[in-house]
Amino acid sequence: MATLQITDLHVSVETEDGPKEILKGVTLTIRSGETHAIMGPNGSGKSTLAYSIAGHPKYTVTSGEVTLDGEDVLSMSVDERARAGLFLAMQYPVEVPGVTVSNFLRTAKTAIDGEAPKLRTWVKEVRGTMDELRMDSSFADRNVNEGFSGGEKKRHEILQMELLKPKFAVLDETDSGLDVDALRVVSEGVNRAKESTDAGVLLITHYTRILRYIKPEFVHVFVDGKIAEEGGPELADQLEAEGYDRFIATGEPATTAGA
């Protein structure tokens with residue numbers, strides 16, 4: 001069983017007025033096969049956590065630790081983190097002109113596994129996964145995310161997750177911009193990837209609608225760079241009914257309900 005451990009993580013970003021602390025002491029443990037949902041209002045630090053785990057240079061870790069099976073993630077380069085088993089599905093996937101989806105996927109798979117996949121079996125796996133995600137086969141010959149709709153970009157992110165088979169996947173608002181049908185298809189892809197590899201999933205979202213398809217065992221409420229409350233899936237239902245006002249009004253973390 002693999003373990004991703006985040007301990008007292010503090011992260012800042014540079015602004016015109018100097019460094020601004022975004023994460024103010026986040027502690028979280030995710031194990032293989034677990035799904036953790038992080039919910040919270042805009043600006044609470046959810047995406048900052050995702051990008052800090054992945055190694056985005058915009059975010060500076062000022063203190064704290066992130067370890068994967070005891071190995072120091074923060075000392076790794078971005079590509080080393082990917083090879084170690086970390087995957088980030090971005091909220092706003094970037095376009096990569098001049099690089100086709102097929103070349104991108106095979107190059108990424110080769111880098112992570114240390115050897116190129118056998119072409120015949122690889123092509124079959126890619127096409128099969130694209131079919132399940134309802135992606136036309138012509139997408140393989142298009143440039144990465146170039147001209148893709150929002151839903152197509154999100155399907156491509158989950159295509160990567162299914163093919164690259166990470167130990168831990170961080171999904172940053174994968175549900176944003178998806179209609180009902182696309183949400184279901186993308187969620188099914190996440191569930192397939194999790195079931196086939198026993199991956200741990202850290203799912204960042206504002207709303208509970210994706211949680212109807214991807215069932216979390218743990219829910220964490222982010223407010224002002226900290227975890228304000230933790231609990232089981234019932235906490236998401238409570239947030240859907242009540243919103244975040246009770247956390248924002250007090251500005252103080254609520255009592256931890258469980259982990």
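Residues numbered from 1 in each chain as written. Predicted model: local features only at pLDDT ≥ 70, side-chain atom pairs only at ≥ 80, totals over all residues. Heavy atoms only, no water.

Brief notes about the confidence of the model for the protein chain
Of all residues in the protein chain, 96% have pLDDT values of 70 or greater, and the mean over the chain is 92. The secondary structure element of the protein chain with the lowest average pLDDT is helix α8 (residues 245-250), at 72, and the one with the highest is strand β5 (residues 71-72), at 98. (pLDDT = per-residue confidence, 0-100. Helix = DSSP H or I, 4+ residues; strand = E, 2+ residues; numbered from the N terminus.)

Digging into the sheet that holds β5
Taken in spatial order, the 4 strands make up an open sheet running β2-β1-β4-β5, and their pairing is antiparallel. With one partner strand each, in any of the chains shown, β2 (18-31) and β5 form the two edges of the open sheet. Bridge count between strand β1 (residues 3-15) and β2: 11 bridges; the pairing is antiparallel. Following the sheet pairing, Ser12 is matched in β2 by Glu21. Here helix α1 (residues 46-54) sits on the sheet in contact with β1, β2 and β4 (59-68), set at roughly 105° to β1. (Pairing = 2+ DSSP bridges. Contact = heavy atoms within 4.5 Å. Axes fitted to C-alpha atoms, helices over the stretch in contact; angles between N-to-C directions.)

Notes on the side chain of Glu34
Note that Glu34 resides in the loop between β2 and β3 (35-39). Engagement of the side chain of Glu34 in a polar contact is seen with the backbone nitrogen of Arg31, the distance being 3.0 Å. (Polar contact = N/O pair within 3.5 Å; in protein donor to acceptor, adjacent residues only side chain to side chain.)

A short note on the pairing of strand β10 (residues 200-205)
The side chains of a regular strand alternate, first on one face of the sheet and then on the other. Most of β10 is tucked away: 6 of the 6 residues are buried. Here β10 shows a buried face lined by Gly200, Leu202 and Ile204 and a second buried face lined by Val201, Leu203 and Thr205. In this structure, β3 lies alongside β10, joined through 5 bridges in parallel fashion. Along β10, the bridge assignment pairs His36 with Leu202. Summarising the sheet, strand β9 (residues 168-172) and β10 pair through 5 bridges and their orientation is parallel. Pairing of Val170 across the sheet is with Leu202, part of β10. Since β9 and β10 lie parallel, the crossover through helix α6 (residues 180-197) that links them has a hand, and here it is right-handed. (Buried < 20%, exposed > 50% of the residue type's maximum accessible area, 1.4 Å probe, protein only. Right-handed = clockwise from strand over helix to strand, strands pointing away.)

Here's the deal with the packing of aromatic side chains
Overall, the coordinates contain 2 aromatic pairs when judged by the stated rule. Summarising the aromatic geometry, the rings of Tyr51 and Tyr59 are spaced 6.1 Å apart at their centres and angled 10° between planes, so their arrangement reads as stacked. On the accessibility criterion, Tyr51 (14% relative accessible area) is buried. Ring geometry for Phe139 against Phe148: centres 5.0 Å apart, planes inclined by 85°, an arrangement best described as edge-to-face. On the basis of relative accessible area, Phe148 is assigned to the buried category, the value being 7%. (Phe/Tyr/Trp six-rings, centres within 6.5 Å; stacked < 30°, edge-to-face > 60°.)

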